[in-house]
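Structural description and commentary
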Amino acid sequence: MTVPVLPDLVAFAGHRVHVCRRREAGTLLDWLGRDLRGQVVLDVAGGDGYWAGQARRRGARAVSVDLARGKMLRGSRLRHAPGLVEGDALRLPFRDASVDAVLSVCAIEHFDDGPAALDEMARVLRPGGRLVMSADCLSRRDAWPRLFDAHRRRFHVRRTYTHGELTGLLAERGLSVRGHSYQFRGRAAERLYLSLSAYGGRYGFNAAAPLIPLVALADGAAPNTRGSIVLMRAVKEA
């Protein structure tokens, strides 16, 4: 067999056997659509490029940009590896208006300057291009300050964002928000998220993957106004 299987299995386990990433990134990709033929899709801070690779499977000319060379080396071995570019999200190595869609999965909260990263995402998008992204919100973080502090330190979280804050930031950059969705909306679900983050160890989020249906069910019954993770979709004005 000429196609390596093990890297794909490892990536599948790491990205899809996960209590939030499968539903989170899956929703963002579904917002982009099932047929991405002819479109250039850029995943900002895409790590090993797994999710950009899923966009490639839908026909996109997909590129992932990240600073983690080791992750990109692993990603280059994937069956549906996207283009992998070593670069900084605050200085994207792409021309103005050169991509049709930008994808970013829970990355902005880790940047030293989140608004500057949004500047770059907006710059590289063509008029009418789409942005789909997610970010840590952790709307009840004040209820569990120790858990939040552990999460912040472990994952190097610089700041969190609500959908209202992101709507304003995107509007300032010529991006019109078309929808948002929170995940881990209820109090118990949000505490679960922070507890896994603080005490779950390296594979806590993966071990909790069987809870995905329960979290999704709970989210469906709760108002779409707060939660642990916020997902956004927007269009660049022509």
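Residues numbered from 1 in each chain as written. Predicted model: local features only at pLDDT ≥ 70, side-chain atom pairs only at ≥ 80, totals over all residues. Heavy atoms only, no water.

**Let's talk about helix H10 (residues 212-221)**
For H10, every residue scored as buried is listed here: Ile212, Val215 and Asp219. With its buried residues spanning 65° around the axis, H10 presents them on a single face. Those residues of H10 that are exposed and angled more than 90 degrees off the buried face are Pro213, Leu214, Leu217, Gly220 and Ala221. (Buried < 20%, exposed > 50% of the residue type's maximum accessible area, 1.4 Å probe, protein only. Helix = DSSP H or I, 4+ residues; strand = E, 2+ residues; numbered from the N terminus. Arc of directions from axis to C-beta.)

**Things to note about the packing of helix H6 (residues 145-155) against helix H8 (residues 187-199)**
Relative to each other, H6 and H8 sit at 55°, their axes nearing to 8 Å. With respect to each other, H6 and H8 are oriented oblique. The way H6 lies across H8 gives a crossing that is left-handed. Residues Leu147, Phe148, Ala150, His151, Arg154 and Phe155 of H6 pack against Arg191, Tyr193, Leu194, Ser195, Leu196, Ser197, Ala198 and Tyr199 of H8. (Axes fitted to C-alpha atoms, helices over the stretch in contact; angles between N-to-C directions. Parallel < 35°, antiparallel > 145°, perpendicular 65-115°, else oblique. Left-handed = near helix turned anticlockwise from the far one by under 90°. Contact = heavy atoms within 4.5 Å.)

**Quick look at a positive patch on the surface**
There is a patch of like positive charges on the surface, built from Lys71, Arg74, Arg77 and Arg202. Residue placement: lysine 71 occurs in helix H4 (residues 69-75). Note on lysine 71: relative accessible area 41%, which makes it partly exposed. (Patch = residues over 30% accessible without salt bridge, like charges linked within 9 Å, V, L, I, M, F, W, Y side chains within 5 Å. Areas by Shrake-Rupley, 256 points an atom, 1.4 Å probe, with all protein chains shown as cover. Salt bridge = Lys/Arg side-chain N within 4 Å of Asp/Glu carboxyl O. Lys, Arg positive; Asp, Glu negative; His and termini not counted. Charge placed at Lys NZ, Arg CZ, Asp CG, Glu CD.)

**A closer look at the pattern of salt bridges**
One pass over the structure, following the stated rule, counts 17 salt bridges. Across the pair aspartate 219 and arginine 23 runs a salt bridge whose closest N-O atoms are separated by 2.6 Å. Taken together, the positions of aspartate 219 in helix H10 and arginine 23 in helix H2 (residues 21-32) put the pair 196 residues apart, joining distant regions of the chain. As far as burial versus exposure is concerned, aspartate 219 and arginine 23 are alike and both buried. Notably, a salt bridge pairs aspartate 88 with arginine 91, separated by 2.9 Å at the nearest N-O pair.

**Quick notes on the sheet that holds strand E7 (residues 229-236)**
The mixed open sheet is built from seven strands, whose spatial order is E3-E2-E1-E4-E5-E7-E6. Two strands bound the open sheet, and with one partner strand each, they are strand E3 (83-86) and strand E6 (175-183). Neighbouring strand axes in the sheet, compared pairwise and without regard to direction, differ in orientation by 15° on average. Where strand E1 (residues 40-44) meets strand E2 (residues 61-66), five bridges bridge the pair, whose relative direction is parallel. Following the sheet pairing, valine 41 is matched in E2 by alanine 62. On top of the sheet, helix H5 (residues 114-124) reaches E1, strand E4 (99-104), strand E5 (125-136), E6 and E7; it is set at about 150° to E5, its chief contact. (Pairing = 2+ DSSP bridges.)

**Let's talk about the nonpolar core**
In this structure, Val19, Leu32, Val41, Ala55, Leu103, Phe184 and Tyr193 are the most contacted members of the largest nonpolar core, which totals 38 residues. Among residues more than four places away in sequence, those in contact with leucine 103 are Leu28, Leu29, Leu42, Asp43, Val44, Trp51 and Val132. If you look at the next biggest cluster of nonpolar residues, it comprises 32 residues, including Leu92, Val124, Leu125 and Leu170. (Core = buried A, V, L, I, M, F, W, Y, C linked by side-chain atoms within 4.5 Å.)

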